[in-house]
Amino acid sequence: MEKAGSIRTRRGHPSSFEEYFEKYQPLLKKICKEFWKKYCYKIDSWNDLYQTIQYLFIYAYNIWQPEKGSFEGYLEKVIRYKLKSMMNGEYAPWSNNSPFTFLKDRKMQLCFMEEDILEQYM
């Protein structure tokens, strides 16, 4: 039985965030390759896309509820859904006050917004 506040563990499953992160690197890279291949013309760089996917891993890990199913299936659904949402203009989860993006067009919009905000305070 798990103690309250303990690390999530199951027989045969990783026991820490670091172990999960290492175990699922091949999946993260697979998703990155797929999105890059399909949408590279919209994406600023491979590194930005991959960092976003890693960020989404952290998000998925923190909201995952083990009693509702496997982490791998959940992780893949969350990452794919959030990437598509971000491609449609949504911000990454937990980033409303400091948005970031992997998309070319969106970066330009954010830069202009930041310039406008700075001009208001000058």
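A brief look at the structure comes next. (Residues numbered from 1 in each chain as written. Predicted model: local features only at pLDDT ≥ 70, side-chain atom pairs only at ≥ 80, totals over all residues. Heavy atoms only, no water.)

By secondary structure assignment, the location of Lys42 is in the loop between helix H2 (25-39) and helix H3 (46-63). Residues contacting Lys42, with those up to four places away along its chain left out, are Met87, Phe102, Leu103 and Lys104. (Helix = DSSP H or I, 4+ residues; strand = E, 2+ residues; numbered from the N terminus. Contact = heavy atoms within 4.5 Å.)

With that settled, consider the packing of aromatic side chains. All told, the structure shown has 16 aromatic pairs when counted by the stated rule. Their ring planes at 20° and their centres at 5.8 Å tell us that Phe17 and Phe21 sit as a pair that is stacked. Residue Phe17 and its partner Phe21 are both found in helix H1 (residues 17-23); the two are separated by four residues, about one turn of the helix. You can call Phe17 partly exposed: its relative accessible area is 26%. With a relative accessible area of 22%, Phe21 lands in the partly exposed category. Ring geometry for Tyr20 against Tyr24: centres 6.1 Å apart, planes inclined by 20°, an arrangement best described as stacked. Comparing Tyr20 with Tyr24 shows no difference in burial state: the two are buried. Members of the aromatic cluster, each reached through a chain of ring pairs, are Phe17, Tyr20, Phe21, Tyr24, Phe57, Tyr61, Trp64 and Phe71. (Phe/Tyr/Trp six-rings, centres within 6.5 Å; stacked < 30°, edge-to-face > 60°. Buried < 20%, exposed > 50% of the residue type's maximum accessible area, 1.4 Å probe, protein only.)

Tallied over the entire structure, the rule returns four salt bridges. The shortest N-O distance in the salt bridge between Lys30 and Glu76 comes to 3.9 Å. Of this pair, Lys30 sits in helix H2 while Glu76 sits in helix H4 (residues 71-87), and the two are 46 residues apart along the sequence. By relative accessible area, Lys30 is classed as partly exposed at 40%. The class for Glu76 is partly exposed, based on a relative accessible area of 21%. In this structure, Arg80 and Glu76 form a salt bridge, with 3.1 Å as the shortest nitrogen-oxygen distance. Linking Arg80 with Glu76, this pair stays in helix H4, spanning four residues, or about one helical turn. What you see here is one network of salt bridges that share partners, running through Lys30, Glu34, Glu76 and Arg80. (Salt bridge = Lys/Arg side-chain N within 4 Å of Asp/Glu carboxyl O.)

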